[in-house]
Each structure stands twice: as structure tokens, then as C-alpha cells.
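Inside the fold
Listed here are the chains, written in short residue letters.
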Number of protein chains: 2
Amino acid sequence: MSEVKTKAKQARTAAAVLNRLSTDQKNKALQSMADGLRNHKDEIIDANREDLERGQAQGTSPSLLDRLALNPQRIDAIAEGLEQIISLPDPVGDVLDSFERPNGLQITKIRVPLGVIGIIYEARPNVTVDAAGLCLKAGNAVVLRGGSSALSSNRKIVEVLHSALALSDIPPDAVQLIESADRSSVDEMLKLNGLLDVIIPRGGQSLIRNVVENATVPVIETGAGICHTYVDQTARPEMAEAIAINAKAQRPSVCNSMETLLVNSGFAAKHLERLAEQIRSAGVEIRGCANTLHILPWASPADEQDFATEYNDYILNVKLVDTLDEAMAHIDRFGTRHSECIVTESTPNAERFLQEVDAAAVYHNASTRFTDGFEFGFGAEIGISTQKLHARGPMGLPALTSTKYIIHGNGQIRG
Amino acid sequence: MSEVKTKAKQARTAAAVLNRLSTDQKNKALQSMADGLRNHKDEIIDANREDLERGQAQGTSPSLLDRLALNPQRIDAIAEGLEQIISLPDPVGDVLDSFERPNGLQITKIRVPLGVIGIIYEARPNVTVDAAGLCLKAGNAVVLRGGSSALSSNRKIVEVLHSALALSDIPPDAVQLIESADRSSVDEMLKLNGLLDVIIPRGGQSLIRNVVENATVPVIETGAGICHTYVDQTARPEMAEAIAINAKAQRPSVCNSMETLLVNSGFAAKHLERLAEQIRSAGVEIRGCANTLHILPWASPADEQDFATEYNDYILNVKLVDTLDEAMAHIDRFGTRHSECIVTESTPNAERFLQEVDAAAVYHNASTRFTDGFEFGFGAEIGISTQKLHARGPMGLPALTSTKYIIHGNGQIRG
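Residues numbered from 1 in each chain as written. Chains lettered and ligands numbered in written order. Predicted model: local features only at pLDDT ≥ 70, side-chain atom pairs only at ≥ 80, totals over all residues. Heavy atoms only, no water.

1. Things to note about the overall build of chain A
Formally: Labels follow the DSSP assignment, with helices taken as runs of H or I lasting at least four residues and strands as runs of E lasting at least two, numbered in each case from the N terminus. Relative accessible area decides the class of each residue, using a 1.4 Å probe on protein chains only: under 20% of the type maximum gives buried, over 50% gives exposed, and in between gives partly exposed. Note on definitions: a residue-residue contact is assigned when non-hydrogen atoms from the two residues lie within 4.5 Å.
The helix and strand tally for chain A stands at 15 helices and 16 strands. In terms of principal-axis extent, the alpha carbons of chain A reach across some 70 × 70 × 35 Å. The buried share of chain A, taken over its 415 residues, is 58%. In chain A, the share of contacts with a sequence separation of at least 24, taken over all contacts with a separation of at least 6, comes to 72%.

2. Observations concerning the packing of aromatic side chains
How we decide: For this analysis, a ring pair means two rings from Phe, Tyr or Trp (six-membered ring only for Trp) whose centres lie within 6.5 Å, classed as stacked if their planes differ by under 30 degrees, edge-to-face if by over 60, and tilted for the remaining angles. Counting as a charge over the ring demands two things of the Lys NZ or Arg CZ atom: a distance within 6 Å of the ring centre and an angle within 35 degrees of the ring normal.
Counted under the stated rule, the structure contains eight aromatic pairs over all chains. Look at A:Tyr405 and B:Phe378: their rings are 6.3 Å apart centre to centre, the planes differ by 50°, and that puts the pair in the tilted class. In this pair, A:Tyr405 is assigned in strand E16 (residues 401–412) and B:Phe378 in the loop between strand E13 (361–366) and strand E14 (383–385), connecting two distinct chains. Judged by its relative accessible area of 21%, B:Phe378 is partly exposed. Chaining the aromatic ring pairs together yields one cluster made of A:Phe376, A:Phe378 and B:Tyr405. Residue placement shows A:Arg280 over the ring face of A:Trp298; its charged tip is 3.6 Å from the ring centre.

3. What to know about the interface of chain A and chain B
The line we're drawing: Defined here as a combined quantity, buried area equals the accessible surface (1.4 Å probe) lost by two parts on assembly, summed across both. A pair is scored as a salt bridge if a Lys or Arg side-chain nitrogen falls within 4 Å of a carboxyl oxygen belonging to Asp or Glu. Here a polar contact is recorded for every N or O atom pair within 3.5 Å, except that within protein the pair must consist of a potential hydrogen donor and a potential acceptor, and residues adjacent in sequence are included only if both atoms are side-chain atoms.
Every contact between the two is made by 70 residues of chain A and, on the other side, 70 residues of chain B. Of the roughly 5800 Å² buried where chain A meets chain B, counting both sides, 52% is carbon and sulfur surface. For chain A, the biggest contributors to the area lost against chain B are A:Leu389, A:Tyr405 and A:Arg414; these three give 15% of the whole. Put simply, chain A and chain B have eight salt bridges between them. In this structure, A:Arg414 and B:Glu375 form a salt bridge, with 3.3 Å as the shortest nitrogen-oxygen distance. Where chain A meets chain B, there are 41 residue pairs in polar contact (both at pLDDT 80 or more).

4. Section: the sheet that holds strand E9 (residues 285–288) of chain B
Let me state the cut-off plainly: Criterion used throughout: strands pair if DSSP finds at least two bridges between them. To obtain each axis, a line is fitted to C-alpha atoms, and for helices this fit is confined to the stretch in contact; angles are then taken between N-to-C directions over 0 to 180 degrees.
With mixed pairing, 10 strands are arranged side by side in an open sheet as E1(A)-E2(A)-E16(A)-E13(B)-E12(B)-E7(B)-E8(B)-E11(B)-E9(B)-E10(B). Each edge of the open sheet is held by one strand with a lone partner, namely strand E1 (95–100) of chain A together with strand E10 (300–301) of chain B. With five bridges joining them, E1(A) and strand E2 (residues 106–113) of chain A adopt antiparallel strand pairing. Within the sheet, the bridge partner assigned to A:Glu100 lies in E2(A) and is A:Gln106. Contacts between helix H10 (residues 237–249) of chain B and the sheet are confined to E16 of chain A together with strand E7 (227–231), strand E8 (258–264), strand E11 (315–321), strand E12 (339–343) and E13 of chain B, with E8(B) contributing the most and set at about 160° to the helix. Sitting on the sheet, helix H11 (residues 265–281) of chain B touches E7, E8, E9 and E11 of chain B, and the angle it makes with E8(B) is about 145°.

5. Notes on the nonpolar core
Spelled out, the test is: Nine residue types can take part in a nonpolar core, namely buried Ala, Val, Leu, Ile, Met, Phe, Trp, Tyr and Cys, and a core is a set of them joined through side-chain atoms within 4.5 Å.
Core analysis: the largest hydrophobic core is formed by 54 residues, its most contacted members being A:Met33, A:Leu37, A:Ile119 and A:Leu144. Beyond its immediate stretch of four places on either side in the chain, A:Ile119 contacts A:Ala131, A:Val142, A:Val143, A:Leu144, A:Arg145, A:Met189, A:Ile200 and A:Ile382. By size, the runner-up hydrophobic cluster in this structure holds 53 residues, among which are B:Ile119, B:Val129, B:Val198 and B:Ala391.

6. Some thoughts on the confidence of the model for chain A
The line we're drawing: Within a predicted model, pLDDT stands for the predictor's per-residue confidence, ranging from 0 to 100.
Of the residues in chain A, 100% reach a pLDDT of 70 or more, and the chain-wide mean stands at 95. Overall fold confidence (pTM) sits at 0.91, and the ipTM for the predicted complex is 0.92.

7. Looking at the pairing of E7(B)
Residue and element names in this part refer to chain B. Burial analysis of E7 places five of its five residues in the buried class, which makes it a mostly covered element. Residues Cys227, Thr229 and Val231 line one face of E7 and the alternating positions His228 and Tyr230 line the opposite face, and both faces are buried. In this structure, E7 lies alongside E8, joined through five bridges in parallel fashion. Within E8, the position partnered with tyrosine 230 by the bridge is leucine 262.

8. Side note on the relation of the copies chain A and chain B
Threshold: Here the copies are superposed with least squares, the fitted atoms being C-alpha atoms of residues at a pLDDT of at least 70 in both.
Its rotation angle being 180°, the transformation that places chain A on chain B also includes 0.0 Å of axial translation and leaves an RMSD of 0.1 Å. Both chain copies can therefore be described as sitting about a two-fold axis. Closest approach to the rotation axis within chain A is made by the C-alpha atom of A:His390, at a distance of 1.8 Å. A symmetric contact is evident, with 100% of the interface residues of chain A recurring at the interface of chain B.

9. Notes on the side chain of B:His364
Inspection of the secondary structure puts B:His364 in strand E13. Residue classification places B:His364 among the buried positions, given a relative accessible area of 12%. Ignoring sequence-local partners within four residues, the contact set of B:His364 consists of A:Ile407, A:His408, A:Gly409, B:Ile342, B:Thr344, B:Ala350 and B:Leu354.

10. Some remarks on the pattern of salt bridges
Residue and element names in this part refer to chain A. Across all of its chains, the model carries 64 salt bridges over all chains by this definition. With a closest N to O distance of 3.1 Å, glutamate 241 and arginine 274 form a salt bridge. In this pair, glutamate 241 sits in helix H10 (residues 237–249) while arginine 274 sits in helix H11 (residues 265–281), placing the two residues 33 residues apart along the sequence. Using a relative accessible area of 12% as the deciding quantity, one classes glutamate 241 as buried.

11. Details of the domain arrangement of chain A
How we decide: Where each domain starts and ends comes from a domain assignment, either automatic or drawn from a database.
One can read the domain layout of chain A as domain 1 (3–221 + 390–408) and domain 2 (227–370). For domain 1 of chain A and domain 2 of chain A, the distance between their C-alpha centres works out to 36 Å.

12. Considerations on the packing of helix H2 (residues 23–39) of chain A against helix H5 (residues 72–87) of chain A
Residue and element names in this part refer to chain A. How we decide: Here the word oblique covers every angle except those under 35 degrees (roughly parallel), over 145 (roughly antiparallel) and from 65 to 115 (roughly perpendicular). Think of it as three bins: nonpolar holds Ala, Val, Leu, Ile, Met, Phe, Trp, Tyr, Cys and Pro, charged holds Asp, Glu, Lys and Arg, and polar takes everything else, Gly as well.
Relative to each other, H2 and H5 sit at 170°, their axes nearing to 9 Å. Of the possible angle classes, the one that applies to H2 and H5 is roughly antiparallel. Listed contacts from H5 to Asn27, Leu30, Gln31, Met33, Ala34, Leu37 and Arg38 of H2 are Ile75, Asp76, Ile78, Ala79, Glu80, Leu82, Glu83, Ile85 and Ile86. Grouping the constituent residues of the contact of H2 with H5 by class yields 10 nonpolar, two polar and four charged.

13. Focus: the sheet that holds strand E6 (residues 198–202) of chain B
Residue and element names in this part refer to chain B. Taken in spatial order, the four strands make up an open sheet running E5-E4-E3-E6, and their pairing is parallel. Two strands lie at the open edges of the sheet, namely strand E5 (175–177) and E6, each paired on one side alone. The sheet shows a mean angle of 20° between the axes of neighbouring strands, taken without regard to direction. As paired elements, strand E4 (residues 141–145) and E5 share three bridges and run parallel to each other.

14. Some thoughts on the side chain of A:Thr108
Here A:Thr108 shows up in strand E2. Residues in contact with A:Thr108, not counting those within four places in the same chain, are A:Val95, A:Asp97, A:Ser98, A:Lys404, A:Tyr405 and A:Ile406.

15. What to know about the environment of B:Leu262
Residue and element names in this part refer to chain B. If you trace the backbone, leucine 262 turns up in strand E8. Counting along the chain gives 64 residues from leucine 262 to glutamate 326, while the straight-line C-alpha distance between them is 9.5 Å. Not counting chain neighbours up to four residues away, the residues in contact with leucine 262 comprise His228, Thr229, Tyr230, Val231, Lys319, Val321, Ala327, His330 and Ile331.

16. Regarding H2(A)
All names here are of chain A. Going by this rule: Helix span, as expected, comes to 1.5 Å for every residue beyond the first.
Across its 17 residues, H2 extends 24 Å between first and last C-alpha, which sits within 8% of the 24 Å expected from 1.5 Å per residue. Buried within H2 are the following residues: Lys26, Asn27, Ala29, Leu30, Ser32, Met33, Ala34, Gly36 and Leu37. Residues of H2 that are buried make contact with helix H3 (41–57), H5, helix H6 (125–137) and helix H7 (151–167).

17. Let's talk about H11(B)
All names here are of chain B. Quick reminder of the rule: Bend, in this description, refers to the angle at a residue between axes fitted to the seven residues ending there and the seven starting there.
Between its first and last C-alpha atoms H11 spans 22 Å; for 17 residues at 1.5 Å apiece the expected length is 24 Å, and the two agree. Histidine 271 marks where H11 bends most, by close to 70°. Turning to H11, the residues buried within the fold contact E7, H10, E8, E9, helix H12 (290–295) and E11. Glycine 283 sits one or two residues past H11 and shows a positive phi near 90°.

Below is the structure:
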């Protein structure tokens, strides 16, 4: 049997045990995992050095090496992340509904673990720990398939997690690491219906595309974000400026950052020049539509392809629109239904925007950068769902559960 | 552009309008649809006759012709189904959560329509109306791809629904019927990411398999049911008998009927002979494991293949087990995680079974036949989900919705 199938089967067997763990047992294991990471810091850093050296030899980009790199502070932060998960409420067993039917059947709907979750991700070794911790707290086994560039780090980390699980009387099989660097191991995971209950891809667009297009296992799609901010005619200029700069430049590499600023032409006539200067001085390159270029002759032109691009970089498209409807039509055409914002002092316009724009999160007078499990107060996040099924927007622990109907009868049969 | 893509795009445009309809507008349209069906009964029956004659000429099986056939009573029942949907609460706009963050952001999670739902089904023309009605009430547009054997009926029905929608000032494009009989129209629907938000297959196993294996659009899997009833040592014999006969023979063709009866060997020694005779006299063929055949020499032998088969017929496997664990292991191996039952007077055994068996619905002392939207009191049902994502078990209107976070700020930016 292949590595992937063997490990998924082991995870499935472990899942039946995890399903029944008490919150206390799971929390003890999470603490033991955090302690283990701190206690084996040196070994983890040694393993990570192997990955970094291999990466350097292979000419890996500095930004990728940075994401891959571990140091004592980063390991402490990862361990603290596990401790934060301890403090979160355990969703398993929550009663979501309970009712009696006229025939006396007592029906209760409760939260149960999903079962076995597959995570396919890239170079960040912190995802290995985060995902294992979140899945464990929600009672799930996990099959991790990280990027081959982080294999030595991930192996050592999972070794530490396995010892912690064993110490806590939880089957170490609950956390599985696929070590095969071969792409076929990903392809195999995508088709493991019956062994994996869901796959969550975490990474760049091509990774996510591959999973969505080829998986027969249900997928929760995460991550792609072409987010817009629409500055309406009545927007307060200083608020528009603060929100636009924050949404674009506070951390451009993430999915909830802004890619296109839509500006009402009435507002633009008075305020665009100053607004754009402020954005430019935050280090952002501006690409504008034809009307924008009349006001900002120094900007470069933006074409359709630009409006359809998630830059994840210090680049911003600016487009003038005459009406709220035109702004919403642009968002409908180019948005990825992630996070969209209107800056306005008009309550009717705000309400129409919030109601009609189809996205996981819609904002009135606040930066799209808030679409995040921590910022929403969920205490953790397994990703931001950009699909409409199961979970939408930032996913906390409840997104890692399913439900089950428990029915108590006293001999009822159907007539 | 292909028929499928053209109609899906029209549905998507209509969905933006449906999203904003009031409950009252939707209910008026549903009433107008019901009235239309009653007023055009004769034309619908004429169209249906074409389908039936073509089916007969092609040698279609009598059971399939029966599912396809419409008569005045059936059309009345279909119209009443729409009127039942009117009486259901509208899930759109429901506030699921609402909280304020320390920075003053007001976050509200509301129910919104999914958008455009694809339904792929077989010969039953009633599904055309049910699905259109349920999707409309939850604010969704629908793309219907019914079996080609029902095409004349579906065409006439959708014509009636379109007139009713137009009368109610709702874009008729909200209900689309794919008329191409070509399998490639199904294949095309399965890949329409960005135009369809979800596909729900309704039909036999091969239809569902095809959808699950080939769709890149998210799917809600429905329908496959290998359901078990476990009769524990302490079960009351007359209750076990009533539940077993009901679960198997009240309507064997449906997914929540029983395929395998697991009997504790202690119970079997005393009561199996009589229990099996009763089941047999309900017209059921019994296939037994080796130990069963010692007690029921008249039964035929059951093999592994039988335990893995959804008969949907008057055939029942019987297997003796020595323990609750053995019963649960059998269910884990052969069950499709649909509906599972334990008949017992032992509370600890019942609790273990309800807790540990992984299925959409788990029963103590009641027939698995109750897994149904109407029996659960949901008032309607778009199907029974056998997957763990999004919805599990009978799906009412809320399963046809997604959620959205609406965030009100006053200039907040992320630090």
C-alpha cells in the first residue's frame, strides 16, 4: 500500500479514538505539544538548517527562505499558538438544536468532529503545528502534506508532536506527515474519498487551483483575494485615506489586502490627487484607468488584466466610477468574493453595498484587513474560506466540525 | 456559447435580483406557481404523455415509467408541495451571530442565498417543481438538468413556472432548464466554477458517483444508504420486530431503509427464528451469515458483496455478532454514514452506540425510516446529505443558504 493510503488509514483508525476524547485530554496534549516544541528547540532548528541549506543550494528565493526559517523566537510563538488553542472552547458535543416530534421522537443535533482532515500546504513549518493543534482540539485526525522544501523541519516537528501525543495517551497516528516529495502523493490524497473527509489547501493560487480542480474529496477553498475599497462621493477624505493606505500597504502580501481602489468621480475631482499622493508615499505603485490618468498623469495605465490580478504587492489599481452601481458591477466582475469595503457617509449607499455585494465580508468604513480569525475574536484560524458551502470567511474551530442527529425513541415506526 | 453556459449566466444575473426579494414576493410567486400548475394540468399531462409514449416505445421499465407518470392527483400534490414551502420560515437575512470587537467594529453574521444551484436528476418531473420552489424560497436561482426521458414534461412545467415568475415580477431566468439530452451538458455543468455555487445530484448511485468524481464545482452528496439495525441482547423482541419490519419493508426503495440486520447472538438464540419468520412474511428475502444459517436453514447465504450492497428491494442481510463492538465495527466497515439504529434496553449500550457510530442520524429504539425532512419537521427536503461538509442528514431550507459577515466601522484600520 502507498505511503499516503497507509497513513490515511492509520489516521482514520485514530480518528475513532479522537472523536471520544474529553476536552481536558485534548488540552493536556496541546500543552504537552507546546512543551515538547520548546524542549526540542535546538533539534528543530538543526533540522530547519538542513532545509535552509538545501534551499540555498537550490537557489530558493529569499522571501521563501524567510517563510521557511525557524529560530528560537519563532518556535516560542508557535508554542504559544498551541497554548491559545487550549483556551478556546471545545466545539465537539455542542448541542445545536433539540426538539421533540409529535410521535415522541427526541431529536438532538450535536457537533461532531469532521473525522480526518487533509491539509496541503507549502513551505511554512508553522502550519504543521497550527493545523495539527486546531484539528486535534476539534477532535480530528490530520494528514499533513507540506512542501518538500520544509521536509526536515516537518519531520522533526512531527516527531516531537508524536511524543507529546503518546505521553498524553492519544494515538500518535492522529497526526500523519506525508514525506514523499513526489507530486503524485498530492494527487493520491485528492482522490481518497472514504478515508479523508475534507481537504483544506493552504498556499498560493496554483496550489489551490490544483486541489479544487482535481479533488474528488470535498474541499474547503481558501485564500484568493482580489479585494476592493469603494470611496463614495460623500466619503470623509481623511477616513478614505487612512483606510486605503491600511488596506493596501499595511501588509500587501496577504489575501485581505486591497488590489483595486474604486473612486467616485465626484470625490476624485476634489480629493484624488492628495489621496493618491499619500498612497504613493507609502511606497505603492499606482496603475489607473483612463480617467484616473487625467488626474494623475504620473500613474501608469491599468488594463483589464490588472483588475483581474491579485498582486500581493505594493501595487494598486485605481478606477473612477460615476455611481455606486458601477462600483458594485466592477466588484461583481473582478472580485473573488473575499472582502469588500465602502467608505461613505451615506447610510442608504452603505446599506445597499452591504446588502448587495456578494462576499464573505463586507465593510462600511473599515479596512478589509480585518477579515481574519484573530481580528474577529475567534482566537485561531485554519484559513479564510472563499467558497459558500460549509464555512465562509475566517474559519475558527467550529469550521472543523460536522453535525450528527441523535434520535431517542421508544419503539416508533413510520406509518 | 453553449446552452449550459448561456443559461447558467442568465441564472447568475437573476440571482442578484433574487438575493434581494422580500419573503412576501417569494411567497406570492410560489402561490402563482402552484396556481399555474393547477390551471395548466391538461397541457402538462399531454406533455407527460409524450414522454410516457416515447419511454414505452424505448422499452423503459414499468417502475421508471411510474416515476415519470403525472396525473391530476400527482399534479395537485406537487402544487400543494409549493404551498407548504410558502408556510416555511424564510432563512435569508437570519442573524446567526452579532458582536462588537474591542476596537468598536460591529460584526454581524447573516444568512444569504447560496446564489446559483445546479440540480442534476433523473426521471421524476416532481423534482423540477420541488427544487425550483425550494431554491426560490431560499433566494437562489436554479439550473435544472433532468433526465431526458422527462424532457417534454419538464419543458411544459418550466414554461408554467416562468409565466408565474413573470406575473410576480421576478425574472423568469431564475429557473433554467437544460434541454440538451447529451451527457456532455452534465459534464459541462460539473465544471462551471464561478457560475454555479453548488451542485446537488439527486438520483441513483451511478449518477451521484459521476457528479462526485467529476465536479470541480462544490457538491452536496446525497442519497446512498446502507443502513443497519443492531438488535442488542436486551432488546424487547416485539419492539425489535416492529422496527426491523418497518425499516426494511415499509418502503424498501428509499435510502433510509435497512439493508442489514445485526443481531446479538444471545438474542438470536432465543428470538431470531420468530423475528426472521415475521420479516419473511412481510415479503422479504433473507440472506444470512454462516451462524444465521444454523438458526435459519431456509435462508440463502450472504457474502461480503451482499453486506456492501444497497438493495433498495425486499432483500435483507442478517448477521450475528457477539458484542456491541462487533456490531459497530461492521457498521463502520459497510455503512454509508446515513442512518443507523440500535434496539436495546441497555442505556450504556445505547449511549455508546449513539456516541461512537459515525452517521448523519443515529437512532435508539426507532426505525431508520424517520431520516427525512418532513419527519424531522423541516416541512420540506432538498435531499439527505451523506457528506460531512455544509449539511448532514435531511436538508431543509437553511441548507440552501450561505452566510456573510457584515461589518460596520467608523474608520477602523488594522495596527
